[in-house]
Structures are given as structure tokens and as C-alpha cells.
Amino acid sequence: MDSMLLDIEKLNVTIDTAAGPLKAVQNVSLRVAKGETFCIVGESGCGKSITALSLMGLMPKRAKRRAERMMFDGTDMTTLGESGMRRLRGNRISMIFQEPMTSLNPVFTIGQQLTDVMRAHSRVSLAEARERAAFLLNKVGITNARERLGQFPHELSGGLRQRVMIAMALMCSPDLMIADEPTTALDVTIQAELLRLLRDLQQEFEMGLVLITHDLGIVSRIADRIAVMYAGQIVEDGTADEIFGNPLHPYTQGLIACIPSPDHPRMQHLPSIPGTVPPLIGGLKGCHFRERCPYAMPSCMEEIELKGHEAAHRYRCILPAQTSAAHAKMAQGEQVHA
Amino acid sequence: MPEVVLNVSNISHFYRAASGFWGRRSVRALDDVSLKIHRGEIVGIVGESGSGKTTISKIMMGLLTPTSGTVELDGRSISEQSRRDIARRIQFVFQDPYASLNPRQSIGRIISQPLKVHGIGTSVEQAKAAREALDVVGLSSRIFDAYPNQLSGGQRQRVAIARALILKPDILICDEPTSALDVSVQSQVLNLLLDLRKEFDLTYVMVSHNLSVIEHMASRVAVMYLGRIVELNVSEAIFSAPVHPYTKLLLDSAMTVAPGAGIPDMRITEELRENLRQHPPAITSFTPA
Amino acid sequence: MSDQTLEYRLADIAPPRRNYRRWLTHTGLILGGTILGIILIMAVLAPFIAPFNPYEQNLLVRIVPPVWMDGGSWEHPLGTDHLGRDYLSRLLYGAQVSLLIGVGTALISGVIGTTLGILAGYFGGKVDTVITFIITARLSMPVILVALAVVALAGSSLMIVMTVLGLLLWDRFALVIRAATQQIRNADFVTASQVQGCSVFQTLRYEILPNLMNSLVVVATLEMAQAIVLEAALSFLGLGVPAPLPSWGLMIAEGKSFILFDPWLITIPGVLLFALVLGTNLLGDGLRDVTAPEARN
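Residues numbered from 1 in each chain as written. Chains lettered and ligands numbered in written order. Predicted model: local features only at pLDDT ≥ 70, side-chain atom pairs only at ≥ 80, totals over all residues. Heavy atoms only, no water.

Chemist: Please provide a residue-by-residue account of empty space enclosed by the protein, values included.
Modeler: One pass over the structure, following the stated rule, counts nine cavities of 30 Å³ or more. In this structure, the largest cavity occupies an estimated 70 Å³ of space. Lining the largest cavity are 13 residues, and of these A:Pro250, A:Cys287, A:Cys293, A:Cys300 and A:Cys317 lie nearest its centre. Each residue belonging to the lining of the largest cavity can be placed in one class, and the counts come to 11 nonpolar, one polar and one charged. In terms of lining, the second largest cavity is formed by B:Gln91, B:Phe92, B:Val93, B:Phe94, B:Ala160, B:Arg163, B:Ala164, C:Ala192, C:Val195 and C:Gln196. Those elements that place two or more of their residues in the lining of the second largest cavity are strand E6 (90-93) and helix H5 (153-165) of chain B together with helix H9 (188-195) of chain C. (1 Å grid on protein atoms, 1.4 Å probe; cavity = no way out; pocket = protein on both sides within 12 Å on 5 of 7 lines; lining within 4 Å. Points joined across faces, edges and corners; volume = space filled by probe spheres on them. Nonpolar A, V, L, I, M, F, W, Y, C, P; charged D, E, K, R; others polar. Helix = DSSP H or I, 4+ residues; strand = E, 2+ residues; numbered from the N terminus.)

Have a look at this one:
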């Protein structure tokens with residue numbers, strides 16, 4: 001698999017806290033091809049954002065990263081060091097964050113910020129950089145691009161700011177874009193516009209896109225491949241068709257079932273996953289989802305590896321056959337309990 | 001049709017914006033909003049940011065005095081009623097359970113505080129009522145002495161609901177009650193709200209930008225845009241046969257789980273957006289009430 | 001309801017208890033607490049452990065050096081001053097004066113500053129304008145000059161020094177509390193208390209004040225330290241606590257004429273004063289770190 005743009009094998013991130021080591025990311029392996037949209041789905045605290053940040057080499061203090069392999073387009077990122085990573089970031093890998101209000105520096109104009117990114121990585125004249133900035137602002141659907149270059153972030157609405165962030169991420173024609181909840185803070189109509197824009201740009205520039213979100217609706221519509229994370233681990237990954245058409249892990253099934261939809265009888269109980277995400281401090285044994293799982297049994301106490309074919313569908317559970325039969329029932333709104 | 005408990009009529013509200021050189025400018029948040037809430041229904045208010053949905057919920061609660069118009073609770077204007085009287089009838093559940101619970105007070109203290117403020121019962125009785133309220137919302141009374149930071153988001157929202165219920169109100173206004181919560185916890189809280197409604201005969205006003213939550217929960221829906229109610233109808237009708245172009249836009253852009261459906265194409269609706277800007281929306285459909 | 005019974009099992013939370021380990025592992029807190037504790041014990045036990053009456057003069061044994069220097073003796077472990085009073089006894093009683101000044105001043109200024117700060121922060125608008133003006137007016141007064149003038153006019157006694165300093169040092173309380181109140185005034189839990197029907201007083205008392213405790217403790221210790229230093233300064237200038245009373249500042253002032261030949265007369269009370277101020281500040285910072293429930297997990 002040399003054609004892989006991003007190839008991560010067994011990534012682990014541990015954060016030292018006052019209460020002990022917190023294993024935020026455990027043995028996460030993922031591969032993203034050129035032009036592919038890879039979605040990482042999960043709830044808060046599952047480790048999806050930390051995974052993204054550690055891919056970029058941006059990690060919180062007191063966090064330690066360990067990986068068997070971290071290849072980006074043929075280069076080993078673990079050997080790059082800080083200055084090498086800085087050359088990659090913003091240039092070949094770029095990132096969009098959730099909060100468009102705080103991701104732009106309020107004291108510089110849009111134009112300055114856009115051109116700075118480019119001029120930090122390549123020798124281009126200011127005029128050329130401004131030319132590209134105007135071109136990209138236009139591309140992300142901002143009218144009067146040239147006037148906007150002279151404006152300050154506070155003069156723009158949230159939706160416009162996030163467009164500027166996308167344009168900024170595109171300045172150096174990256175090969176890989178990592179977007180962490182890029183539309184969560186925005187209204188639904190703007191969200192749809194921006195995601196469509198993101199997908200069109202990705203296809204046009206043949207970028208790899210890693211999209212991190214908790215919103216299964218978005219994932220179902222945009223993803224080529226999906227990794228579902230729970231409590232620091234990937235519990236299931238595979239193609240979008242497989243994950244939504246034939247979810248095998250009880251967590252994925254529960255997550256899909258508990259979204260309100262017209263299929264559920266109105267004003268009646270929705271299926272739900274009881275309990276809450278376990279604390280990651282101190283480390284968990286066996287299946288992390290065990291305590292909330294309707295099918296839990298003694299053998300779930302043992303360590304479980306991802307099973308299945310990597311290209312199509314993998315899951316971290318001992319009972320795929322039974323769970324998939326039960327899922328059919330669950331989808332019809334019945335609650336399943338052990 | 002059951003009686004009207006909360007009657008919002010012709011509410012307009014202006015916020016004072018920063019004063020410029022030519023004097024104060026004001027921003028219109030609500031424009032002639034009228035809404036009748038009947039006993040036992042769940043009214044959903046949907047809209048995007050700036051639509052005025054949060055402002056109207058604060059006005060219903062008496063937390064904001066509107067520039068013009070009246071809100072009547074059981075036929076009496078709430079501006080004539082004291083805060084304490086309103087508090088016994090209408091309670092509020094906030095969006096962010098991390099911000100709505102005082103970090104310096106224990107859970108038991110937070111839940112029993114309304115009783116204390118209203119001087120109901122002795123402190124022993126108040127504590128007992130708080131433990132019962134914890135039970136009602138599905139929490140163990142072991143957390144009675146815990147502090148909010150020791151609870152998860154879903155547990156905090158349950159605590160907030162317990163606090164809202166302890167005065168035995170009739171109406172609960174929920175401002176985005178699940179939008180700060182994870183999906184798997186969201187359905188737990190929605191189920192709880194449905195159970196409580198049956199158990200205590202509650203009337204809900206649910207404000208949300210999440211259309212699927214509103215579709216699942218509400219019996220009647222008001223769609224707000226730029227400070228106006230643009231469409232008001234029973235839930236089935238709104239979601240199966242929307243009339244107002246903005247409602248259609250909103251429904252089209254909602255991203256429900258639909259593998260392979262792709263991202264809705266908003267380029268067509270960009271014209272529609274422009275259209276909406278030029279022709280201020282008016283109410284297009286009513287419930288016969 | 002099987003859903004919820006399962007929830008019980010999983011939502012089980014260890015019964016909350018304050019994590020005293022945090023208290024015991026905070027170096028600054030331990031150090032500050034120990035220093036302040038020792039000085040407090042000194043002050044409380046002064047009447048019982050002082051070897052001599054601190055006011056008793058004995059001109060026959062003037063300026064006896066402490067025991068570790070040539071000519072010192074165990075009769076006066078820390079020597080005697082220029083009037084032959086036992087230095088150790090005066091230091092022990094002096095601790096009472098310094099602590100009293102610190103605590104008293106912090107209390108008076110705390111009440112004034114917190115009240116003004118909460119009102120300005122919570123109500124905003126005109127109330128804020130007026131109170132901000134009062135704060136600015138107070139800030140424009142030079143503390144030491146005003147204190148000197150008032151003490152010179154009203155005469156010096158422990159009460160007067162304490163009151164004057166209390167009336168002068170509330171500005172930091174007011175500014176910090178005002179800013180902190182503004183921050184939490186719009187928090188949802190404050191709105192929630194209005195939803196419950198709380199009166200303004202109840203909201204301030206139950207919702208705002210508990211959340212100001214962190215800031216209050218820190219400012220109070222800073223003010224205590226400042227008051228102790230100011231009292232020493234006033235005493236040094238001859239306008240602090242009146243002469244026979246053993247204040248550490250006064251002892252430094254009285255020792256200043258002997259600085260060339262008997263520097264220990266200044267060094268000993270100086271070191272104690274330094275330790276007291278340092279201990280107070282360390283304790284304040286430490287308390288702020290460990291009391292925040294946000295960090296109590």
C-alpha cells in the first residue's frame with residue numbers, strides 16, 4: 001500500500017495528569033488515500049481530536065506520542081522533528097478547527113493572515129500571494145474577494161470566517177486536510193453549504209480529507225471510509241456502506257439507533273445507550289464498551305483485537321453475528337437489554 | 001382543544017445596540033410574534049442563530065420585558081405577576097449544563113435551593129424532596145453531596161431538570177436541552193423528558209436548532225426567521241408538507257443519517273436566501289386554534 | 001425502566017470527599033501554613049512563654065547581644081534592647097500586634113471593598129460609574145501620606161492604625177471583586193437563580209458570593225501582608241502603634257540608631273517580618289490552588 005497518503009500504525013497518546021496517566025489514544029491505526037474522505041466519529045472524550053492533533057505533531061503539554069509507524073506520503077513523520085513537522089504543517093498538511101471565532105488573529109487583516117501562511121512556506125512575492133488569496137476566497141464562495149482581503153476578522157460573520165479558514169488551509173495546496181468539527185458552531189443552512197464546498201474542493205484538488213465529527217448525519221453523507229472511536233480506541237472501521245449498512249460493533253449500532261429520525265415513533269422512547277463514557281485515567285481492561293453493552297459477557301474482560309478485513313470492515317467485538325441480528329430489531333425502535 | 005396556558009401576543013422586542021454618532025441604534029430581535037401554548041402540548045420553536053428563538057423564550061419566562069406586546073399566564077399578564085409567582089408555574093432548562101449549575105454548591109443544595117428561596121418546608125423536608133427529585137430524574141441519591149464538576153454532562157442536565165421540577169411547575173421551557181450533550185446521552189435525556197411529561201402533566205416549550213429532535217418531540221412547531229414566526233403548524237404538517245420557503249430551506253439543509261445521499265446542494269437555495277432577504281417573510285400557515 | 005436501573009450502577013460516583021492529598025502535596029501551602037502557624041503560636045502563647053515582661057526596663061543590662069554572639073547569655077537568648085528590655089519577650093508580644101493589624105485591616109477593607117465591588121459588578125450602569133469614581137478617587141490618594149496625616153491628627157493607637165489602614169486598603173478588593181462579579185453575572189446559573197424567583201440579595205448571597213471566595217482569600221492575604229508592612233513603616237516613622245507597645249516595625253525603628261555596631265537589633269525583627277509576609281502570601285496562593293472545586297477531583 002504505497003499509494004497511501006497517510007499511514008498510521010498503532011498510535012498511542014498518553015497524557016500525564018495529576019490523577020495518573022490518561023491513555024487518550026490507544027493503538028489507533030488508520031490509512032488515508034489521496035482524494036479520500038476519512039471520517040473519525042465519536043463522542044466527546046473518545047480521543048478523536050487528540051488523534052488529529054498528534055498527527056500534526058501538535059499536542060498538549062505532558063502528552064507523549066508513541067507509534068509503530070507514522071508515514072505521510074512516503075516520509076516517516078516520527079523522524080522529522082519539530083522543524084521538519086513545521087515545514088509540513090500548513091504546507092502539505094493543513095488543519096481547520098471548530099471555532100472560527102478564535103482561530104483567526106483579531107489584529108491582522110484577512111489578507112495579511114492568508115499571505116503569511118503562504119510566504120512562511122515558499123518564496124513567493126506578496127503580489128503573487130495576494131493573487132492566490134483572492135483566487136481562493138473566490139473559490140470558497142466569498143464575493144468581493146479583493147475587498148475582503150483588507151477586512152479584519154470581526155467584520156465577518158461566523159460562516160464567512162470559517163470560509164476564510166478553509167481558504168487559508170488551501171493556500172499552500174496541501175495534500176491532506178484535517179478538519180476537526182469544522183461546522184459544529186455554525187447554523188444548519190451554512191453547515192450544508194460549507195461541507196459541500198469542502199467536498200467539492202477536495203475533489204478538485206485531489207486532497208485527502210480527514211474529517212472529525214460527532215455528527216453521524218454528516219458522516220453518512222460525506223465519508224468514503226469511517227473509523228468509529230470509543231474511549232481512546234477504534235472500535236470499528238470500514239467503508240461508509242459497510243459501517244451504516246452492516247454495523248457490527250454494539251456501540252456503532254447504538255449510536256446509529258439513538259439518533260431521532262422519522263423512523264422512530266414520535267414522542268415515544270428512543271433507543272439509548274445507558275450510562276456514560278468511562279474515565280480513561282488508570283486504563284481500562286478488556287472491551288472499553290463492556291459496561292454499557294447489552295451483550296456483555298465474561299469473555300469481554302479479555303483484550304480484544306480488531307478483526308475482519310482491513311480494506312472493507314474491521315470491528316473490535318467478540319460477537320458480531322449476534323449483534324448484527326439484534327441490530328435489525330434495534331433499528332425498528334425496540335430497546336435491547338441484557 | 002385544551003385551554004391556553006401561555007398566551008404570547010404581538011411581542012416585538014428591540015435591543016439597544018452601541019450608540020453611534022447619530023445617537024442610539026436599535027436592533028430588532030422580535031417582530032410581532034404571537035403564539036398560544038395549550039395545556040399538555042410540546043411546542044417546538046426552531047430557527048437559526050439570530051432568529052429570536054432564545055429571546056422569545058426569555059420573554060415567556062418573564063426574564064426580559066418586551067418592547068411591546070403581552071405574555072399572559074392563565075389569562076393574567078406576567079408583567080403584573082411577581083418573579084416568585086411565575087417561578088412556581090414556569091421553569092427553565094438551560095442549554096449548557098456545565099454553566100447552569102453553580103460550581104460552588106453541592107448537588108443537593110442546587111436542587112433544594114428553589115424550596116429554600118420560596119420558604120417551603122423545613123431544611124430536612126427540603127433535603128428529602130431533593131433526594132426524591134434525584135430519583136425521579138434517574139440519578140442515585142448518592143450524588144447528593146457531590147459537586148457539579150464530578151458529574152458528566154448528561155448527569156448534570158438531569159440535575160438541572162430535577163431543580164426545574166422541584167417547585168412542581170406546569171410549564172417547562174427547554175432551551176436546546178440536549179445540544180451540549182453527546183448523541184448517546186441525548187436520547188436518554190429526551191426519553192426522560194417524555195416520561196416526566198406523562199408523570200407530571202407538563203407542558204413543554206422546546207427551543208432548538210436541531211430539527212430531528214424537534215420532529216421527534218414536538219406536537220406543534222413554530223419556525224422562526226429574522227425575528228418572526230414564518231410558519232406555525234402541527235409537527236406532521238411542518239415536516240411532511242412545509243409551506244414557507246424558509247422552512248423548506250431549513251428542512252433541505254438538515255443532515256439526517258442518509259448514507260449515500262450526499263450533501264444537500266445549497267446553491268439553489270442561495271437564490272432562495274437572497275429572495276428571503278428581499279421579501280421579508282410572513283406567516284404562511286396557521287393551526288386552526 | 002431497566003434503562004435507568006442500569007444507569008444507577010454506572011452513574012455510581014464515589015462519595016465526595018475533599019481530597020486532602022492535594023493539601024498535603026502543595027509545597028507553598030505547607031510552607032506558608034507552617035510559618036504562619038509558628039508565628040500564630042508565638043502570639044497566642046506569648047504571655048506564657050515570654051521569659052520577661054516586655055515592658056520591664058533594666059538599664060543595667062542594655063544592649064546585651066544574643067546568645068550566639070560574644071557577650072551573650074542564656075538569660076536573654078535574643079539579647080536586650082537599648083532600654084534593657086528582653087528582646088525575645090518583645091518579639092513574642094510583637095507578633096500579637098502584627099497579626100492583629102493584618103487580620104483587622106483585611107477584615108475592614110474586605111467588607112468595604114467586597115460590598116462596593118459586588119454592587120458595581122452586578123448592577124453595572126450608573127451604580128458602576130459611581131463606584132468606579134470612588135475607587136479612582138481612593139487610588140489617587142497616596143496611602144502612606146494620608147495614613148501619616150490621619151494618625152498624626154487623631155493620635156496613634158492600635159485601633160486607629162487598624163481602622164485607618166482598613167479604610168485605605170480596600171481598593172484592591174473592590175477592583176478584583178468587581179471584575180470577578182462581572183464575569184459571573186451573566187453565567188447561566190445566575191439566570192437560573194432568577195428563574196427560581198431569588199431576590200437580588202439571595203442571588204448575590206447564594207450564587208455570586210460563593211464563587212468569589214477564591215479571589216477573596218487571595219486578595220485578603222495580599223492585603224494582610226501589605227497592612228503588616230505598612231504598620232511597620234508607620235511605626236518606623238514614629239506614627240504607628242504607640243511607643244511602649246512592642247511592634248516589630250517599632251523595634252526596627254528603635255534599633256536604627258544602633259545599626260552600625262549592633263545590627264542584630266534590626267536583623268532579628270526584620271527577618272521575622274519578612275517571614276510573616278512571605279508566609280501569608282504563600283498561604284494565600286496555596287489556598288487559591290487547592291480550594292477551587294474545579295480542581296478538587
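Chemist: Now, about the packing of helix H4 (residues 126-139) of chain A against helix H6 (residues 158-170) of chain A: what can you tell me, with residues and values included?
Modeler: All names here are of chain A. Interhelical geometry of H4 versus H6 gives an angle of 130 degrees and a closest axis separation of 9 Å. The orientation of H4 relative to H6 falls into the category oblique. Our pair here, H4 against H6, has a crossing hand that is right-handed. Here H4 contributes Arg132, Leu136 and Leu137 to the contact with H6, which in turn contributes Val164, Ala167 and Leu170. Its residues assigned to classes, the contact of H4 with H6 comprises five nonpolar, no polar and one charged. (Axes fitted to C-alpha atoms, helices over the stretch in contact; angles between N-to-C directions. Parallel < 35°, antiparallel > 145°, perpendicular 65-115°, else oblique. Left-handed = near helix turned anticlockwise from the far one by under 90°. Contact = heavy atoms within 4.5 Å.)

Chemist: Break down the pattern of salt bridges for me, citing the residues and quoting the values.
Modeler: Residue and element names in this part refer to chain A. Considering all chains together, one arrives at 33 salt bridges over all chains under this definition. Notably, a salt bridge pairs Lys48 with Glu181, separated by 3.9 Å at the nearest N-O pair. Here Lys48, found in helix H1 (residues 48-55), pairs with Glu181, found in the loop between strand E8 (176-180) and helix H7 (188-205); they are 133 residues apart in sequence, far enough to count as distant. Of the two residues, Lys48 and Glu181, neither departs from the other in class, the shared state being buried. One connected set of salt bridges, linked through shared partners, spans Asp7, Glu9, Arg31, Arg69 and Glu310. (Salt bridge = Lys/Arg side-chain N within 4 Å of Asp/Glu carboxyl O. Buried < 20%, exposed > 50% of the residue type's maximum accessible area, 1.4 Å probe, protein only.)

So yeah, pure geometry; function would need other evidence.
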